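Chain and residue survey
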Amino acid sequence: TLLQSHLWPILANGLDVLAVAKSGSGKKLGFLLPMFLRACTEPRERIEGHPGHVKGPFVGSSAYSPRILLLTSTREAACQIEAQAKHLSSAAGITMLAL
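Attention here is on the structure that accompanies the text. (Residues numbered from 1 in each chain as written. Predicted model: local features only at pLDDT ≥ 70, side-chain atom pairs only at ≥ 80, totals over all residues. Heavy atoms only, no water.)

**What about the overall build of the chain?**
Rules: Helix and strand assignments follow DSSP, with helices taken as H or I runs no shorter than four residues and strands as E runs no shorter than two, numbered in order from the N terminus. When accessible area is computed with a 1.4 Å probe and restricted to protein chains, residues below 20% of their type maximum are described as buried, those above 50% as exposed, and intermediate ones as partly exposed. Whether two residues are in contact is decided by their heavy atoms: any pair within 4.5 Å suffices.
Along the chain, the regular secondary structure elements total three helices and zero strands. The order of α-helices and β-strands along the chain, N terminus first, is α-α-α. Within the chain, the fraction of its 99 residues that count as buried is 23%. By sequence separation, contacts in the chain at least 24 residues apart represent 44% of the contacts at least 6 residues apart.

Below you can see the structure in the form of structure tokens.
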């Protein structure tokens with residue numbers, strides 16, 4: 001879409017974007033694809049030994065820093081983004097969680 005063609009070059013360079021557009025204009029996919037591309041190509045940072053180091057049954061004996069943090073204004077928006085992102089994340093081997 002037109003929105004995506006403007007978003008992708010900006011997001012691919014790691015810059016922040018605030019986009020306002022009508023429903024169905026491709027906003028979610030417009031920012032999800034560049035985020036997943038960056039998450040899949042950049043090395044992960046280990047936080048083992050860090051004071052905030054996480055240990056537990058779900059993480060094991062070491063942890064990695066989060067690759068993507070996405071904030072939304074409503075729970076409904078978070079659920080919609082999670083539903084669309086799960087298709088991309090499973091193909092990319094990324095585990096995601098909406099809180």
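**Regarding a nonpolar patch on the surface**
The test is simple: Patch definition: residues with relative accessible area over 30% and no salt bridge; like charges joined within 9 Å; nonpolar side chains (Val, Leu, Ile, Met, Phe, Trp, Tyr) joined within 5 Å. Under the convention used here, a 1.4 Å probe and the Shrake-Rupley method define accessible areas, while residue burial counts only the protein chains that appear. Between Lys or Arg on one side and Asp or Glu on the other, a salt bridge is scored when a side-chain nitrogen of the former is within 4 Å of a carboxyl oxygen of the latter.
Nonpolar side chains collect at one region of the surface, where I10, L15 and V17 lie side by side and expose about 240 Å² of accessible area between them. Looking at where V17 falls in the secondary structure, it is placed in the loop between α1 (2-12) and α2 (27-41).

**Here we look at the nonpolar core**
Formally: Buried Ala, Val, Leu, Ile, Met, Phe, Trp, Tyr and Cys residues form a nonpolar core when they are joined through side-chain atoms within 4.5 Å.
Judged by nonpolar contacts, L3, L7, L11, F31, L32, F36, A39, I81, A85 and I94 together constitute the single largest core of ten residues. Taken together, the elements giving at least two residues each to this core come down to α1, α2 and α3 (75-92). When neighbours within four sequence positions are excluded, L3 is seen to be in contact with A19, A21, S25, G26 and K27.

**What about the environment of S5?**
Selection rule: Any pair of nitrogen or oxygen atoms within 3.5 Å is treated as a polar contact; in protein, a donor-acceptor pairing is required on top of that, and neighbouring residues in sequence qualify only through side-chain atoms on both sides.
With respect to the helices and strands, the residue S5 is situated in helix α1. Once the C-alpha coordinates of S5 and G30 are considered, the two residues, 25 residues apart in sequence, prove to be 8.0 Å apart. Separated by 2.7 Å, the side chain of S5 and the backbone oxygen of L2 make a polar contact.

By themselves these figures say nothing about function.
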